[in-house]
Amino acid sequence: MIGLIAGEAGLSDHAMRGAQWLSERQNEEGTWDETESTGNGFPNHFYLRYYLYPHYFPLMALGRFRRRLAESASGLSAK
């Protein structure tokens, strides 16, 4: 979603659906669940897990979405 927002002047339907998807999947603690490994490793031996990824990236995407939404509402162009 971040790439969609960065590459467009306004907010496309794709970016809107991405923000809705993230919002709908936010759990009661305000974070997102992630059960799979998030990093590289050796298959069947070990896998890396970055515990902040399911928090950091959705929040960053929603923050950029919110900023673009505010810019669009106020008539300012994206910087």
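The structure this text deals with has already been given above.
In this text the structure is predicted, and so the values were computed from the model without any measurement.

(A) Focus on the overall build of the protein chain. For the protein chain, the count of helices and strands is three helices and two strands. Going residue by residue from the N terminus, the α and β elements of the protein chain occur as α-α-β-β-α. Counting only contacts in the protein chain whose residues sit at least 6 apart along the sequence, the fraction spanning at least 24 positions is 46%.

(B) A look at the packing of aromatic side chains. In total, this model carries three aromatic pairs according to the counting rule given. Ring geometry for Tyr 56 versus Phe 57: centroids 4.9 Å apart, planes at 85°, classification edge-to-face. When its relative accessible area of 47% is taken as the criterion, Tyr 56 is described as partly exposed. Ring-pair connections join several aromatic residues into one group, and the members of that group are Tyr 50, Tyr 53, Tyr 56 and Phe 57.

(C) The arrangement of helix H2 (residues 13–24) in detail. Between its first and last C-alpha, H2 extends 16 Å over 12 residues, near the 16 Å set by a 1.5 Å rise per residue. For H2, the complete set of buried residues consists of Ala 15, Ala 19 and Leu 22. Down the axis, H2 shows its buried residues gathered within 65° of arc, on one side only. Facing away from the buried side of H2 by more than 90 degrees, the exposed set consists of Asp 13 and Glu 24.

(D) Examining the nonpolar core more closely. Among the nonpolar cores identified, the biggest contains eight residues, and these are Ile 5, Ala 15, Ala 19, Leu 22, Trp 32, Ala 61, Leu 62 and Phe 65. Elements supplying a minimum of two residues to this core: H2 and helix H3 (53–74). Leave out the neighbours within four places in its chain, and Ile 5 touches Leu 11, Ala 15, Ala 61, Arg 64, Phe 65 and Arg 68.

(E) The arrangement of the pattern of salt bridges in detail. In this structure the tally under the stated criterion is two salt bridges. The salt bridge partner of Arg 68 is Glu 71, with a shortest N-O separation of 3.6 Å. In this pair, Arg 68 and Glu 71 are both assigned in helix H3, three residues apart and thus about one turn of the helix distant. For the pair Arg 68 and Glu 71, a shared accessibility class is recorded, and that class is buried.

(F) Structural detail: the environment of His 14. When you line up the elements, His 14 lands in helix H2. Residue class for His 14 comes out partly exposed when judged on its relative accessible area of 47%. Side-chain polar atoms of His 14 contact the side chain of Arg 17, separated by 3.1 Å.

Criteria and thresholds
- Residues numbered from 1 in each chain as written.
- Predicted model: local features only at pLDDT ≥ 70, side-chain atom pairs only at ≥ 80, totals over all residues.
- Heavy atoms only, no water.
- Helix = DSSP H or I, 4+ residues; strand = E, 2+ residues; numbered from the N terminus.
- Contact = heavy atoms within 4.5 Å.
- Phe/Tyr/Trp six-rings, centres within 6.5 Å; stacked < 30°, edge-to-face > 60°.
- Buried < 20%, exposed > 50% of the residue type's maximum accessible area, 1.4 Å probe, protein only.
- Expected span 1.5 Å × (residues − 1).
- Arc of directions from axis to C-beta.
- Core = buried A, V, L, I, M, F, W, Y, C linked by side-chain atoms within 4.5 Å.
- Salt bridge = Lys/Arg side-chain N within 4 Å of Asp/Glu carboxyl O.
- Polar contact = N/O pair within 3.5 Å; in protein donor to acceptor, adjacent residues only side chain to side chain.

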